[in-house]
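# A closer look at the structure
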Amino acid sequence: MRKNARTAGPLLAAALAIGVALTGCGSTSQSGQTTSTVATTTAAAASAATTSATSSASTTPTPSESDSSAATSDPSPSAATDGSESSSSAPATVAQDIDAACAALVKIDAVPQPSSDSDAPPPAAVNKQFGQAVEPLLEEALAKGDAELAESLTVLQGPVEAAASDGTPIDTEDEKIGMALAGYEAWAHKSCGFQTVDLMAVDYKYQGAPKTLKAGVSSIAMMNHSEKGEFHLALVVQPKDPKITTVKQLLAIPLPELQSSVDIFGAAQAPPGATGGVLLDLAPGRYFIVCPVAVGNKPDSADLHMFHGMAVTFEVS
Ligand SMILES: [Cu+2]
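### Some words on the overall build of the protein
Assigned secondary structure in the protein consists of 10 helices and 11 strands. Taken across its 317 residues, the protein has 48% of its residues classed as buried. Counting contacts in the protein only where the partners sit at least 6 residues apart, residues at least 24 apart contribute 75% of the total.

This is the structure:
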């Protein structure tokens, strides 16, 4: 699950505004320690739900029901006579399985989010669909993860359940929710053993950007070291036209056409001083990381960070 950018218009142009709500998000980091991570998908991502990761998410919504039912359906009432101290009740807890928890988080991040465009809020049915896709994954991650992960995920349980039951929108502007999203991304980055990318965003470029990555899950963390108070994103996109392989070619696409010219996989985002993260399951191919935030966070501006150097490309093989 990601925090939405409030984007209305063409592409990412508006992936801004988000910064405001997150600024207070407990970032105490001065030197690369991850304290505040929030992943994002722009509104565009919801409509660009054509990624391979997306489809896998929706086809695997069931958290190992067989495991738990097996554990709790043991009918043997006379088991207590075997002398064990565990008496008759089967343990209700599911064994911790970090890999399973991590896999569930990857699927959560791949669920396309309803647009949070305040001018055109998504219908309840869309929120409901989102909640219903995320809920079993969240439960799976909670059941299999450790106590530290649970701290973040339990905060998300209520909002996700509400979305699933009646389409109540998840208020991603809420600081507690933002922190919880941040928390699970940070946990995954250090705990899951995924390939990791640690980007540093400055005004206006990415430091530490990869040239190549292995296919599979990557955890991308982006530290925002802006000195101008700029919000930054690391938005991962893939052009639909495979002939586009260079940053120059990508940025030559007219802005109004850019959104429909790429598949959006997700983004790490962070206000100044904080770190954002995202989990992405990437197939082989050419990808780009761009920052679609406008210089100075000016609304409706087309003067985006990506035109000032915040655009890089990498190959997944
Ligand atoms: Cu930026």
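### Quick notes on unusual backbone geometry
Here the bond from D203 into Y204 is cis, since omega is 0°, no more than 30 degrees from zero. For Y204, the location among the structural elements is in the loop between β3 (195-202) and β4 (205-207). In the Ramachandran plot, N297 falls in the positive-phi region, its phi being about 55° despite a non-glycine side chain. By the secondary structure assignment, N297 is in the loop between β10 (285-290) and β11 (311-316). The partly exposed category is assigned to N297, around which 17 C-beta atoms lie within 10 Å.

### Re the nonpolar core
Grouped together as the largest cluster of nonpolar side chains are 74 residues, with contacts concentrated most on L105, A234 and L235. In terms of residue count, the dominant contributor to this core is helix α8 (residues 175-191) (9 residues). Not counting residues within four places of it along the chain, the set of residues in contact with A234 comprises L199, A201, Y206, I220, M222, A267, A268, I289 and C291.

### Let's talk about the pairing of strand β8 (residues 262-270)
With 9 of its 9 residues buried, β8 lies for the most part within the structure. Across 8 bridges, strand β7 (residues 232-239) lies against β8 in antiparallel orientation. Among the inter-strand pairings, V236 is bridged to a residue of β8, identified as G266.

### Things to note about the sheet that holds strand β6 (residues 216-224)
Sheet strands associate in pairs through backbone hydrogen bonding, adopting either a parallel or an antiparallel arrangement. Read across the open sheet, the 4 strands follow the order β4-β3-β6-β9; overall the sheet is mixed. Of all the strands in the sheet, just β4 and β9 (275-282) have a single pairing partner and so form its edges. Averaged over neighbouring strand pairs, the angle between their axes works out to 30° when direction is ignored. Pairing analysis gives 3 bridges linking β3 to β4, with the strands arranged antiparallel. The residue bridging A201 from the neighbouring strand is Y206, located in β4. Against the sheet, helix α5 (residues 98-110) makes contact with β6 and β9, and its axis sits at roughly 95° relative to β9, the strand it touches most. In the packing of α8 onto the sheet, contacts are made with β3, β6 and β9, and the angle to β9 comes to roughly 60°.

### Remarks on the environment of Q207
Its place among the elements puts Q207 in strand β4. Residue classification places Q207 among the exposed residues on the basis of 12 C-beta atoms within 10 Å. Q207 sits 15 residues away from M222 along the chain, and the two C-alpha atoms are 9.6 Å apart. Once you skip the residues sitting within four places of it in the chain, Q207 turns out to touch M200 and V202.

### Comments concerning the pairing of β9
With 8 of 8 residues buried, β9 lies mostly within the body of the structure. Going residue by residue along β9, you find T275, G277, L279 and D281 tucked away on one face and G276, V278, L280 and L282 tucked away on the opposite face as well. The sheet contact formed by β6 and β9 spans 8 bridges and is antiparallel. Within β9, the residue paired with A221 across the bridge is G277.

### So, the environment of F265
Positionally, F265 belongs in strand β8. When the C-alpha atoms of F265 and D281 are compared, they prove to be 8.7 Å apart, with 16 residues separating the residues in sequence.

### Considering the packing of helix α7 (residues 147-166) against α8
Between α7 and α8, whose axes approach to 8 Å, the crossing angle comes to 140°. In this view, α7 runs oblique relative to α8, as classed from their interaxial angle. Here α7 runs over α8; the crossing is left-handed. Contacts from E148, L149, E151, S152, L153, V155, L156 and P159 of α7 reach α8 at K176, I177, A180, G183, Y184 and W187. Its residues assigned to classes, the contact of α7 with α8 shows 9 nonpolar, 2 polar and 3 charged.

### Quick notes on α5
Think of an α-helix as 3.6 residues a turn; residues three or four steps apart then line up on the same face. End to end, α5 covers 19 Å across 13 residues, agreeing with the expected 18 Å (1.5 Å per residue, within 8%). Burial analysis of α5 places 10 of its 13 residues in the buried class, which makes it a mostly covered element. Among the residues making up α5, those that are buried are A101, C102, A103, A104, L105, V106, K107, I108, D109 and A110.

Calculation notes
Residues numbered from 1 in each chain as written. Predicted model: local features only at pLDDT ≥ 70, side-chain atom pairs only at ≥ 80, totals over all residues. Helix = DSSP H or I, 4+ residues; strand = E, 2+ residues; numbered from the N terminus. Buried ≥ 20, exposed ≤ 12 C-beta atoms within 10 Å, placed from the backbone. Contact = placed C-beta atoms within 7 Å. Core = buried A, V, L, I, M, F, W, Y, C linked by C-beta atoms within 7 Å. Pairing = 2+ DSSP bridges. Axes fitted to C-alpha atoms, helices over the stretch in contact; angles between N-to-C directions. Parallel < 35°, antiparallel > 145°, perpendicular 65-115°, else oblique. Left-handed = near helix turned anticlockwise from the far one by under 90°. Nonpolar A, V, L, I, M, F, W, Y, C, P; charged D, E, K, R; others polar. Expected span 1.5 Å × (residues − 1).

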